Amino acid sequence: MRKSIGVAVLLASIAFAPLAAEPESKAPKEGKPPIDWTVMHAQVILDSLGFSPGIVDGREGQSLTAALRAFQETRNLPVTGELDRATLGALHAYRERRPLAQVKIENAWLQGPFINPLPKEPEDQAKLPALAYTRPLEKLAEMFHTTPEVLVELNPGGGTIKPGATFRFPNVVTQSRDYQGDWKPEWRQTLSDLNVDARQPKADHVVVDKSEKALKVYDAENRLVAQFSATMGSQHDPLPIGTWKINAVDTNPKFRYNPDLFWDADADDKKALLPAGPNGPVGVVWLDLSKEHYGIHGTPEPQTIGRTQSHGCIRLTNWDAARLALMVKPGTQAVFQE
């Protein structure tokens, strides 16, 4: 049994039908359908292959559809966006990646700071030491590419979140944390906390596709090697169609809030320098673009990716933005298309 560095993982013993079968989960109070284990298994596999389904929650949706279409394209399958027979057959080749892992919580995972509640006004946020997670459950959810609500579903009856406690998580645990490059220790820790695998394909160029609500990564031979669901633009701040470049990668960035750049800013808002943190406006990383004031970045609300609008920038989940940061370099071309 392989173990990730610093993570004790006991893979769940799960039968396949056709991908995976699991005990019944507790349906969430808001009336969503219970977790579909075949869907969750597909999401975990797609996430591990770099075709991000957004949050791993065991439910179908537009992010899963987009991820399936990308996977199907790279495997020369009919591009249906569905878990059809051919796609299930192709995913079955990766069946050793089980949908769930039973993981013992490490003390380091529960280290803060935690700030709850987070103030909403930029002026008040600027006074904080960090725009940190609000509670340990939120940090654990981001570590395993899901939401606090899904973790509650996966662990009915709960239990106390403490070092040594065993919980069930989506099996997105990385196999390598050997992060290459001149990265700061704080960024290496962020990558590890988000279960971002150190082994990532190198991007020759990226394409932001408005119609598909996706950011696609291509290698030097123009092969699709990764894809992430994305939020991009709005009626007030449309996606700037054209060809740009990634100028720089700013990890764990502070954010300079300028109300003049936000159409929905309050009239009495003032400029403010907001501290870094996963709950900051741009999440854990900012990829600066040659288009002034625009970038590709993370988000404090992963469940909204592809479902809301942005102020023109391209927004990914924190774990996807971090993964993309390992793929690109200054000068990487970024094509924005309808």
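Owing to the predicted nature of the structure, the values given are computational and were not obtained by experimental measurement.

Participant: Please explain the overall build of the protein chain as it appears in this structure.
Facilitator: Secondary structure summary: the protein chain contains eight helices and 14 strands in total. In the protein chain, 61% of the contacts between residues at least 6 apart in sequence involve partners at least 24 apart. Of the roughly 16000 Å² of accessible surface on the protein chain, a fraction of 49% belongs to carbon and sulfur atoms.

Participant: Honestly, helix α1 (residues 37-49) in this entry has me stumped. Any pointers?
Facilitator: Spacing of three or four residues puts side chains on the same side of an α-helix, whose turn is 3.6 residues. Compared with an ideal rise of 1.5 Å per residue, which puts 13 residues at 18 Å, α1 spans 18 Å between its outermost C-alpha atoms and is within 8% of the ideal. Taking burial as the measure, the 13 residues of α1 include 11 buried ones, the bulk of the element. If you check which residues of α1 are buried, you get Trp 37, Thr 38, Val 39, Met 40, His 41, Ala 42, Gln 43, Val 44, Ile 45, Leu 46 and Asp 47. Looking at the buried positions of α1, the neighbouring elements they touch are α2 (62-74), α3 (85-91), β2 (100-104), α6 (148-154), β3 (166-170) and α8 (318-327).

Participant: What is the right way to read the nonpolar core from this model?
Facilitator: One broad rule of soluble globular proteins: the nonpolar side chains tend to lie buried together. Grouped together as the largest cluster of nonpolar side chains are 39 residues, with contacts concentrated most on Leu 215, Val 217, Ile 314, Leu 316 and Leu 324. Among the elements of the structure, α7 (185-193), β4 (205-209), β5 (214-218), β6 (224-229), β8 (242-251), β11 (285-289), α8 and β14 (333-337) are those that each provide at least two residues to this core. At seven residues, the largest contribution of residues to this core is made by α8. Once residues within four sequence positions are removed from consideration, Ile 314 is found in contact with Val 208, Leu 215, Ala 230, Thr 231, Met 232, Leu 239, Leu 289, Gly 295, Ile 296, His 297 and Phe 336. Counting 24 residues, the second-largest nonpolar core is a separate cluster that includes Leu 110, Ala 165, Phe 167 and Val 173.

Participant: What exactly am I supposed to notice about a negative patch on the surface here?
Facilitator: Side chains of Glu 121, Glu 123, Asp 124, Asp 266 and Asp 268 sit close together on the surface and give a patch of like negative charge. Checked against the element boundaries, Asp 268 lands in the loop between β9 (255-257) and β10 (272-274).

Participant: What should I look at first to understand the confidence of the model for the protein chain in this one?
Facilitator: Detailed reading of predicted coordinates is not advised where the pLDDT is low. Per-chain confidence: the protein chain averages 88 in pLDDT, with 86% of residues scoring 70 or above. The low-confidence segment residues 1-18, where pLDDT is below 50, has 45 contacts with residues more than four positions distant or belonging to other chains.

Participant: Is there a simple way to explain the packing of aromatic side chains in this structure?
Facilitator: Here the distance between the centres and the angle between the planes together describe a pair of aromatic rings. Taken as a whole and assessed by the stated rule, the structure comprises four aromatic pairs. Considering the side-chain rings of Phe 167 and Phe 169, the 6.4 Å spacing of their centres and the 40° angle between planes classify their relative orientation as tilted. Accessibility assignment for this pair places Phe 167 and Phe 169 in one class, buried. Put simply, the rings of Trp 109, Phe 144, Phe 167 and Phe 169 pair up and form one aromatic cluster.

Participant: For this particular structure, what's the right way to read the environment of Thr 190?
Facilitator: In this fold, Thr 190 is placed in helix α7. You can call Thr 190 buried: its relative accessible area is 13%. Ignoring sequence-local partners within four residues, the contact set of Thr 190 consists of Asn 252 and Val 284. There is a polar contact of 3.2 Å between the side chain of Thr 190 and the side chain of Asn 252.

Rules behind the numbers
Residues numbered from 1 in each chain as written. Predicted model: local features only at pLDDT ≥ 70, side-chain atom pairs only at ≥ 80, totals over all residues. Heavy atoms only, no water. Helix = DSSP H or I, 4+ residues; strand = E, 2+ residues; numbered from the N terminus. Contact = heavy atoms within 4.5 Å. Areas by Shrake-Rupley, 256 points an atom, 1.4 Å probe, with all protein chains shown as cover. Expected span 1.5 Å × (residues − 1). Buried < 20%, exposed > 50% of the residue type's maximum accessible area, 1.4 Å probe, protein only. Core = buried A, V, L, I, M, F, W, Y, C linked by side-chain atoms within 4.5 Å. Patch = residues over 30% accessible without salt bridge, like charges linked within 9 Å, V, L, I, M, F, W, Y side chains within 5 Å. Salt bridge = Lys/Arg side-chain N within 4 Å of Asp/Glu carboxyl O. Lys, Arg positive; Asp, Glu negative; His and termini not counted. Charge placed at Lys NZ, Arg CZ, Asp CG, Glu CD. pLDDT = per-residue confidence, 0-100. Phe/Tyr/Trp six-rings, centres within 6.5 Å; stacked < 30°, edge-to-face > 60°. Polar contact = N/O pair within 3.5 Å; in protein donor to acceptor, adjacent residues only side chain to side chain.

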